[in-house]
Every structure is written in C-alpha cells, then in structure tokens.
Amino acid sequence: MNNVLRTEENWDFLIGYPFEEAEDALKEEAVAFVVKFTAPPGKSCDQEEALVIAVRPGQPLEIICASPDWTVN
C-alpha cells in the first residue's frame, strides 16, 4: 500500500472483499470502524465467510457484512 492515508470516501473499494481481508486493510491504515453483520431470516452470518456489502462514511467508518448464502427453504 502507499503511504497516503485514505479518506473514508475511498473505502468503498472494499465492497466484495472477504471481511477478514477488509479488517486487515483497515487496521493497517489505523482507520476507526464498526462492523454490522446481516443474514437471511433464520440464519446467522459466519464471520469467516462474510463479505463486505456496503461501506458507510462517518466517524467511525461503518462496514456492513453479509453471509454469502441467502438461500431460503
């Protein structure tokens, strides 16, 4: 990564990243963030397989993650 600290408006490139990779990048750049997980009704979101689906600017930056499996029975 370059030595320029990214502004919060530039973090939307993380959409589609696995949560763990996004978390590593944010910690490396010392960006304050909170994470919210979502999953289909009746299921939970496994953090290990969660993908970033949205990034909301603010202090702290808000990372929205979801389970990749949205199948319903």
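Residues numbered from 1 in each chain as written. Predicted model: local features only at pLDDT ≥ 70, side-chain atom pairs only at ≥ 80, totals over all residues. Heavy atoms only, no water.

## Side note on the confidence of the model for the chain
Working step 1: Summing up the model confidence of the chain, the mean pLDDT is 85 and the portion of residues at 70 or higher is 88%.
Working step 2: In the model, residues 1-6 has pLDDT below 50 throughout and makes ten contacts with residues more than four positions away in sequence or in other chains. (pLDDT = per-residue confidence, 0-100. Contact = heavy atoms within 4.5 Å.)

## Focus on a negative patch on the surface
Working step 1: A contiguous patch of negative charge, built from Glu 20, Glu 21, Asp 24, Glu 28, Asp 46, Glu 48 and Glu 49, is present on the exposed surface.
Working step 2: Along the polypeptide, Asp 46 turns up in the loop between β1 (33-38) and β2 (51-56). (Patch = residues over 30% accessible without salt bridge, like charges linked within 9 Å, V, L, I, M, F, W, Y side chains within 5 Å. Areas by Shrake-Rupley, 256 points an atom, 1.4 Å probe, with all protein chains shown as cover. Salt bridge = Lys/Arg side-chain N within 4 Å of Asp/Glu carboxyl O. Lys, Arg positive; Asp, Glu negative; His and termini not counted. Charge placed at Lys NZ, Arg CZ, Asp CG, Glu CD. Helix = DSSP H or I, 4+ residues; strand = E, 2+ residues; numbered from the N terminus.)

## Observations regarding the nonpolar core
Working step 1: Counting 14 residues, the largest nonpolar core has Trp 11, Leu 26, Val 52, Leu 61 and Ile 63 as its most contacted members.
Working step 2: Contributions of two or more residues to this core are made by α1 (19-28), β2 and β3 (61-66). (Core = buried A, V, L, I, M, F, W, Y, C linked by side-chain atoms within 4.5 Å. Buried < 20%, exposed > 50% of the residue type's maximum accessible area, 1.4 Å probe, protein only.)

## Regarding the environment of Cys 45
Working step 1: Along the chain, Cys 45 falls in the loop between β1 and β2.
Working step 2: When the C-alpha positions of Cys 45 and Cys 65 are compared, they lie 8.4 Å apart, and in sequence the two are 20 residues distant.
Working step 3: When near neighbours in sequence (up to four residues on either side) are disregarded, Cys 45 contacts Phe 37, Thr 38, Ala 39, Ala 50, Ala 66 and Ser 67.

## Quick look at the packing of aromatic side chains
Working step 1: By the definition in use, this model includes three aromatic pairs.
Working step 2: Pairing Phe 13 with Tyr 17 gives two aromatic rings, centres 5.8 Å apart and planes at 85 degrees, and the pair type is edge-to-face.
Working step 3: Judged by its relative accessible area of 32%, Phe 13 is partly exposed.
Working step 4: Aromatic pair Phe 19 and Phe 37: ring centres 5.4 Å apart, planes at 75 degrees, arrangement edge-to-face. With Phe 19 in helix α1 and Phe 37 in strand β1, the pair connects residues that are 18 residues apart, well separated along the chain.
Working step 5: Judged by relative accessible area, Phe 19 falls into the buried class, the value being 3%.
Working step 6: Here the aromatic residues Trp 11, Phe 13 and Tyr 17 are joined through ring pairs into a cluster of three or more. (Phe/Tyr/Trp six-rings, centres within 6.5 Å; stacked < 30°, edge-to-face > 60°.)

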